[in-house]
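# Structural characterization, general
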2 protein chains.
Amino acid sequence: MKIELKHGAGGQATGKLIQGCFAKYFNNELLNKMEDGAVLPKMQGYPVFTSDSFVVEPLFFPGGDIGRLAVCGTVNDLAAMGAKPLYLTASFILETGLEMETLEQIVASMGATAKEAGVVIVAGDTKVIEGRGGCYINTAGIGERQEGIVISAHNLQAGDGIIVTGTLGDHHATVLTSRMGMESRVRSDCAPLNKIVGALLEGGIVVHAMRDITRGGLATVANELAEASGVKILLQEEMLPVNPAVQGLCGILGLDPLTMGNEGKLCIVLPAERAEGALKIIREQKYGNDAVLVGRVEQGEGVWLQNELGGCRRIQPLQGEGLPRIC
Amino acid sequence: MKIELKHGAGGQATGKLIQGCFAKYFNNELLNKMEDGAVLPKMQGYPVFTSDSFVVEPLFFPGGDIGRLAVCGTVNDLAAMGAKPLYLTASFILETGLEMETLEQIVASMGATAKEAGVVIVAGDTKVIEGRGGCYINTAGIGERQEGIVISAHNLQAGDGIIVTGTLGDHHATVLTSRMGMESRVRSDCAPLNKIVGALLEGGIVVHAMRDITRGGLATVANELAEASGVKILLQEEMLPVNPAVQGLCGILGLDPLTMGNEGKLCIVLPAERAEGALKIIREQKYGNDAVLVGRVEQGEGVWLQNELGGCRRIQPLQGEGLPRIC
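Residues numbered from 1 in each chain as written. Chains lettered and ligands numbered in written order. Predicted model: local features only at pLDDT ≥ 70, side-chain atom pairs only at ≥ 80, totals over all residues. Heavy atoms only, no water.

## Quick notes on the confidence of the model for chain A
Chain-level statistics for chain A give a pLDDT mean of 95 and a share of 99% at 70 or above. Model confidence for the complex: the whole-complex pTM is 0.96, and ipTM, which rates the interface, is 0.95. (pLDDT = per-residue confidence, 0-100.)

## Brief notes about the relation of the copies chain A and chain B
Related by rotation about an axis and a shift along that axis, the two copies of the chain form a pair. In screw terms, the move from chain A to chain B is a rotation of 180° and a rise of 0.0 Å along the axis, fitting with an RMSD of 0.0 Å. Both copies of the chain, as the preceding transformation shows, are related through a two-fold rotation axis. Within chain A, Ala140(A) has its C-alpha nearest the rotation axis, a separation of 3.2 Å. Both copies contact each other with a shared surface, as 100% of the interface residues of chain A are interface residues in chain B too. (Least-squares fit on C-alpha atoms with pLDDT ≥ 70 in both. Contact = heavy atoms within 4.5 Å.)

## A look at the packing of aromatic side chains
Residues and elements named next belong to chain A. Applying the stated criterion to the full structure yields 5 aromatic pairs over all chains. An angle of 25° between the planes, with centres 6.2 Å apart, marks the rings of phenylalanine 22 and phenylalanine 26 as stacked. Of this pair, phenylalanine 22 and phenylalanine 26 both sit in helix H1 (residues 12-26), separated by 4 residues, roughly a single helical turn. Neither phenylalanine 22 nor phenylalanine 26 differs from the other in exposure class; each is buried. Here the aromatic rings of phenylalanine 22 and phenylalanine 92 are separated by 4.6 Å at their centres, their planes lie at 25°, and the arrangement is stacked. In this pair, phenylalanine 22 sits in helix H1 while phenylalanine 92 sits in strand E5 (residues 84-95), placing the two residues 70 residues apart along the sequence. Across the pair, exposure class does not vary: phenylalanine 22 and phenylalanine 92 are buried alike. Through successive ring pairs, a cluster of aromatic residues spans Phe22, Phe26 and Phe92. Over the aromatic face of tryptophan 304 sits the side chain of lysine 232, whose NZ or CZ is 5.7 Å from the ring centroid. (Phe/Tyr/Trp six-rings, centres within 6.5 Å; stacked < 30°, edge-to-face > 60°. Helix = DSSP H or I, 4+ residues; strand = E, 2+ residues; numbered from the N terminus. Buried < 20%, exposed > 50% of the residue type's maximum accessible area, 1.4 Å probe, protein only. Lys NZ or Arg CZ within 6 Å of the ring centre and 35° of its normal.)

## A look at the sheet that holds strand E10 (residues 232-236) of chain A
Residue and element names in this part refer to chain A. The sheet built from 7 strands is open, its strands ordered E9-E11-E8-E12-E10-E13-E14 with mixed pairing. Single-partner strands in this sheet number two, and they are strand E9 (209-212) and strand E14 (312-315). Averaged over all pairs of adjacent strands, the angle between their axes in this sheet comes to 25°, without regard to strand direction. The pairing of strand E13 (residues 302-306) with E14 spans 4 bridges and is classified as antiparallel. Each residue of the ladder has a partner; that of tryptophan 304, found in E14, is arginine 314. Against the sheet, helix H7 (residues 217-229) contacts strand E8 (160-164), E9, E10, strand E11 (266-271), E13 and E14, and its axis sits at roughly 150° relative to E9. (Pairing = 2+ DSSP bridges. Axes fitted to C-alpha atoms, helices over the stretch in contact; angles between N-to-C directions.)

Shown next as structure tokens:
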């Protein structure tokens, strides 16, 4: 069976889709009330609110799919703000011709990823547009940030260290090879990172700033952080972790892992003297084994890359289009 | 200038679009921090969370546009839960070829509608897909519901009255005539309804259930409510308010205003003895002048329409596709 316009018309066909698919995999008390909105328990801390849309193509790729991506992307945005992700909404724009079975696989993946991350999907929406079997997903998320946590792009200080929690460019390289129909050993790193952040905060590690490294790669994230705080970021080229398969692909295609997106890596800025303790905690977590200190914050401006010979060049944020639709 | 893939790649072109367009019209302290998520002030009451995507075509129609619709839709879902809408996110999926000027008009309309409704747009996202100038918008929203308010589809009771806050089918008829290129006097009723709800609650009116009447029309909303509460809803045909221009159109095209969507009308269920007081309050509000009592709740099941001669027929929810993409 394929998705038709009636599935988005808000009548009985929409109702059947909600009951037969979304409610089945997202199953929780708040969603099951099927109201216009979910009434959440009261919150002691500060609510943190974010939203992302996902338009990746293909819908399935080695290491993940658009459903896992849609949950991880919003969970990671909340985690990067120092919040504990709690509730998501899931809104679907489906193109006619999408196989119901494909949709069900995507929704099942979202349910499983939400469970892994410890969040619940409490509300949603479905629209159908004329098309050729495409699927676009928006997730919005609410997290709770405890009193006293100050994590902000405006908070970098000279003397801080820069940690990345694993290899760069994996997701980007995976979507690229999938779209090109290439055989490759690369796999998306798409993963929820809230347990890494939770372990850091519980471990008493003071974090100044944090971003998940997505579109535009570390080059773009680092430039945004440096600009927001009016500081210089110095990255050590030999310290940047890149998976050999990704490195090979970059060589062949003339790509730079620094501007390539991940979907399961954080850039963490914290006082340099706390970096060792933080790395120990991060490396104990499922998605943090390859975490490494890659640079430091200094007075000045811009992002600079220093190589082993001492050469130094300025790194710009992504300027062109990168790879479209990696998320 | 037209939207290109680079505007969704997360690099400098995305940054310019955010600063030059979104930040300009959504301008507020929380958004301007440009973090991965917005840290909101603490909330005393219960957070209410909802999300909707908007895919209406054409993007502009008499009485509104997709931007106004996207803000009103989410504001109204929160209001219908008895919550005060406070914060929205706005996530855009843009097709290549969309004129920047068109996007700016839509974003300006969102900013103006948010201001009218008293909500702030605190976070967002932009993706670009290959296409022919389309624009899809997701808004998620957080509202605050005060202690003691119990408004739920499961809460209808025999003896309740049913109010609709104005004429049925206006938005649906408008989008339909716009798509068909017909000249018509109909105008969308797209409007934020939170002030009506706020006035009712401040006036001490006990509301049992509330829904904004969108896709599927009053027939679908009433069936959902009747089913959720295990009761019968009896509607009086002669009381149902329909704009003469919409009625004329329905006659020509064989449409039923009962299954046609609005974007600025509420269905309110409350103890019948409070209906007169509620109507007085609603009619004083900008978007409630034509509010009227249209029916009552009884023991039994289903939704029934009684005509002036005493005839009674059962009303089903929307079964086919209605008009696709009215929101």
